[in-house]
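The lines below spell out each chain.
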Amino acid sequence: MKIAICPGSFDPMTLGHLDIVERACEIFDKVIVLVMSNSSKNSVFTVDERIELIRKCVKSDKVEVDTYNGLLVDYAKNNNATVIVKGLRAVSDFDYEFQQALINKSLYPRIETVFLPARGDNMFLSSSMVKEICRLNGDISPYVPKEIVNDIYLRCKGDN
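Reading the values: the criteria
Residues numbered from 1 in each chain as written. Predicted model: local features only at pLDDT ≥ 70, side-chain atom pairs only at ≥ 80, totals over all residues. Heavy atoms only, no water. Salt bridge = Lys/Arg side-chain N within 4 Å of Asp/Glu carboxyl O. Helix = DSSP H or I, 4+ residues; strand = E, 2+ residues; numbered from the N terminus. Buried < 20%, exposed > 50% of the residue type's maximum accessible area, 1.4 Å probe, protein only. Disulfide = S-S within 2.5 Å. Contact = heavy atoms within 4.5 Å. 1 Å grid on protein atoms, 1.4 Å probe; cavity = no way out; pocket = protein on both sides within 12 Å on 5 of 7 lines; lining within 4 Å. Points joined across faces, edges and corners; volume = space filled by probe spheres on them. Nonpolar A, V, L, I, M, F, W, Y, C, P; charged D, E, K, R; others polar. Pairing = 2+ DSSP bridges. Axes fitted to C-alpha atoms, helices over the stretch in contact; angles between N-to-C directions.

Draft legend 1. Broad picture of the pattern of salt bridges. Counted according to the given criterion, the structure contains 13 salt bridges. Of the charged contacts, one joins Lys-56 and Asp-151 as a salt bridge, the two residues approaching to 2.8 Å between their closest N and O atoms. Taken together, the residues Lys-56 in helix H2 (residues 47-57) and Asp-151 in helix H6 (residues 149-159) connect sequence positions 95 residues apart. On the accessibility criterion, Asp-151 (23% relative accessible area) is partly exposed. In this structure, Arg-135 and Glu-132 form a salt bridge, with 3.8 Å as the shortest nitrogen-oxygen distance. Pair noted here: Arg-135 and Glu-132 are both in helix H5 (residues 127-135), with a separation of 3 residues, about one helical turn. Taking the relative accessible area as the measure of exposure, Arg-135 reaches 32% and is therefore partly exposed. Where salt bridges share partners, they join Asp-19, Arg-23, Arg-119 and Asp-121 into one cluster.

So, in structure tokens, the structure goes:
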């Protein structure tokens, strides 16, 4: 069984994230959407809330949602995953992600990183942009799964 991990902060999940997860499901037997903490980002949703939001969006029985705070490669080893799936929006994403892929490979030689390019309509999309649009009372519905639009609006309104 080929197990892949789609890691990210998912704060919140966007249609771009969902597209990458769905496409990974077409390639791999099992896809773990792994919510990870990023100390350089100020999260709007707790880890548990993000997990619940992802579960509302993802419909495939191939997907498992989990969280981890250590090294991604340690999680991969412990869960028999041999692939990390990363979405790329632009060439600027590639430089950082390529460095990550190389260090992950050096730490765990069995791991491979697969890069999936964002679809054209998702290339500009990020969770940060969604949160900013929401905070400024803009329409986020074209950018996030319909299942979580209200959850995001409720949180953003609570932050104002």
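Draft legend 2. The arrangement of unusual backbone geometry in detail. Residue Pro-12 follows Asp-11 across a cis peptide bond; omega there is 0 degrees. Among the structural elements, Pro-12 can be located in the loop between strand E1 (3-8) and helix H1 (15-27). Its identity is not glycine, yet Asn-80 carries a phi of approximately 55 degrees, on the positive side. Mapped onto the elements of the fold, Asn-80 is located in the loop between helix H3 (72-78) and strand E4 (83-88). A relative accessible area of 55% means that Asn-80 is categorised as exposed.

Draft legend 3. Molecular detail of the state of the cysteines. One pass over the full model with this rule turns up 0 disulfides. Free cysteine: Cys-6, not disulfide-bonded; nearest cysteine sulfur from Cys-25 at 7.6 Å. Classification of Cys-6 by relative accessible area gives buried; the value is 3%.

Draft legend 4. Broad picture of the side chain of Asn-104. Along the polypeptide, Asn-104 turns up in helix H4 (residues 91-107). Not counting residues within four places of it along the chain, the set of residues in contact with Asn-104 comprises Leu-72, Val-73, Ile-84 and Ile-111.

Draft legend 5. Representation of the layout of surface pockets within the structure. Considering only enclosed or pocket space, the largest pocket measures out at about 1,200 Å³ in volume. Pro-7, Gly-8, Ser-9, Lys-86 and Glu-97 are the residues nearest the centre of the largest pocket, which is lined by 43 residues in total. Here the lining of the largest pocket takes 8 residues from H4, the largest share from any one element. Partitioned by chemical class, the residues of the lining of the largest pocket number 19 nonpolar, 17 polar and 7 charged.

Draft legend 6. Fine view of the sheet that holds strand E5 (residues 112-117). The strand order across the open sheet formed by 5 strands is E3-E2-E1-E4-E5, and the pairing between neighbours is parallel. Sheet topology places strand E3 (63-68) and E5 at the edges, where each strand pairs with a single neighbour. If you compare each strand with its neighbour and ignore which way they point, the axes differ by 30 degrees on average. H4 contacts E4 and E5 of the sheet and is inclined by roughly 160 degrees relative to E5.

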